[in-house]
Amino acid sequence: MTALRRIQKELQDITNRPLDGMTAEPEADNLLVWKCSVKGSPDSPYKNGTFHFKIELPMNFPFKAPSVTFLTKIYHPGINEEGHICVPILRDEVRPTFSSSAGIILVLFVVLAVIQEKVNNPSPDDPFEPEIAALLKNDKAKFLATAKEYTKR
């Protein structure tokens, strides 16, 4: 299956099973670049925020991980100043499919779910921004206040 046919299959999968609080669609003229957004969950410091990011798929997708870049600034230990997010699935855990009790799950659905989880549940573990991670670990109240302030911008 060529990459473009696979990407069309992934698009159909995401259209049929959308993630609540998440949007994802390819650019009109380029299936390899997707415009996406994730909403902050009500119980996170990013409540009422919408964070835009793009996914760029390589021509050898799904055997090589896509790249993700946040376009909206976010105060987060796992997302750096350039908008790159630190999650294992984008580094070394990509597989052509994932299985669950619901059957086969395609890659982009899993990538989007992992991004949504990471954004709404900041952790000081495996950080891209060590100073923000240290603040989260040592002064959670200050971290939460700063994250909420960034989200209002």
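Residues numbered from 1 in each chain as written. Predicted model: local features only at pLDDT ≥ 70, side-chain atom pairs only at ≥ 80, totals over all residues. Heavy atoms only, no water.

As recorded by an unreviewed UniProt entry, the protein carries the name Ubiquitin-conjugating enzyme and is attributed to Suillus subaureus.

A. Representation of the layout of surface pockets within the structure. Considered as a void within the structure, the largest pocket measures approximately 190 Å³ in volume. Taken together, 14 residues make up the lining of the largest pocket; nearest its centre are Lys-73, Ile-74, Asn-80, Glu-81 and Tyr-150. (1 Å grid on protein atoms, 1.4 Å probe; cavity = no way out; pocket = protein on both sides within 12 Å on 5 of 7 lines; lining within 4 Å. Points joined across faces, edges and corners; volume = space filled by probe spheres on them.)

B. Broad picture of helix H3 (residues 130–138). Buried residues of H3: Ile-132, Ala-133, Leu-135 and Leu-136, and no others. Projection of H3 onto a plane perpendicular to its axis shows the buried side chains occupying an angular sector of 160 degrees, all on one side. Residues Pro-130, Glu-131, Lys-137 and Asn-138 are exposed on H3 and point more than 90 degrees away from its buried face. (Buried < 20%, exposed > 50% of the residue type's maximum accessible area, 1.4 Å probe, protein only. Helix = DSSP H or I, 4+ residues; strand = E, 2+ residues; numbered from the N terminus. Arc of directions from axis to C-beta.)

C. Region of the structure containing the sheet that holds strand S1 (residues 22–27). Taken together, the 4 strands give an open sheet; going across it, the order is S1-S2-S3-S4, and neighbouring strands pair in antiparallel fashion. Only two strands of the sheet have a single neighbouring strand rather than two, namely S1 and strand S4 (67–70). With strand direction ignored, the average angle separating the axes of adjacent strands in the sheet is 25 degrees. Pairing of S1 with strand S2 (residues 30–39), which is carried by 6 bridges, proceeds in the antiparallel orientation. Across the sheet, Ala-24 pairs through a bridge with Cys-36, a residue of S2. Helix-sheet contacts for helix H1 (residues 3–16) involve S1 and S2, and the interaxial angle to S2 is about 25 degrees. (Pairing = 2+ DSSP bridges. Axes fitted to C-alpha atoms, helices over the stretch in contact; angles between N-to-C directions. Contact = heavy atoms within 4.5 Å.)

D. Summary view of the environment of Ser-123. As for its placement among the helices and strands, Ser-123 is situated in the loop between helix H2 (107–120) and H3. On the basis of relative accessible area, Ser-123 is assigned to the partly exposed category, the value being 24%. Taking the C-alpha atoms as reference, Ser-123 lies 9.9 Å from Ala-134; in sequence the two are 11 residues apart. Apart from the residues lying within four places of it in its own chain, the contact partners of Ser-123 are Pro-77 and Leu-136. Side-chain polar atoms of Ser-123 contact the backbone nitrogen of Asp-125, separated by 3.1 Å. (Polar contact = N/O pair within 3.5 Å; in protein donor to acceptor, adjacent residues only side chain to side chain.)

E. Region of interest: the confidence of the model for the protein. With 90% of its residues at a pLDDT of at least 70, the protein reaches an overall mean of 88. Within the protein, the lowest mean pLDDT, 46, falls on strand S5 (residues 97–100), and the highest, 97, falls on strand S3 (residues 50–56). Contacts for the low-pLDDT stretch residues 98–105, under 50 throughout, to residues beyond four places or in other chains number 13 contacts. (pLDDT = per-residue confidence, 0-100.)

F. Representation of the pattern of salt bridges within the structure. Across all of its chains, the model carries 5 salt bridges by this definition. Measuring nitrogen to oxygen at the nearest pair gives 2.9 Å for the salt bridge that ties Arg-6 to Glu-10. Taken together, the residues Arg-6 and Glu-10, both in helix H1 and 4 residues apart, mark about one turn of the helix. A relative accessible area of 9% places Arg-6 in the buried class. We classify Glu-10 as buried; its relative accessible area is 0%. (Salt bridge = Lys/Arg side-chain N within 4 Å of Asp/Glu carboxyl O.)

G. Focus on the pairing of S2. Linking S1 back to S2 in an antiparallel pair, the connection comprises 2 residues. Two strands pair when backbone bridges link them, and S2 and S3 are joined in this way by 7 bridges, in the antiparallel orientation. Looking at the pairing, Trp-34 lines up with Ile-55 of S3.

H. Focus on unusual backbone geometry. For Asn-48, which is not a glycine, the phi torsion comes out positive at approximately 70 degrees. With respect to the helices and strands, the residue Asn-48 is situated in the loop between S2 and S3. Overall, the relative accessible area of 72% leaves Asn-48 in the exposed class. Residue Asp-126 is not a glycine yet carries a positive backbone phi of 50 degrees. Positionally, Asp-126 belongs in the loop between H2 and H3. You can call Asp-126 partly exposed: its relative accessible area is 39%.

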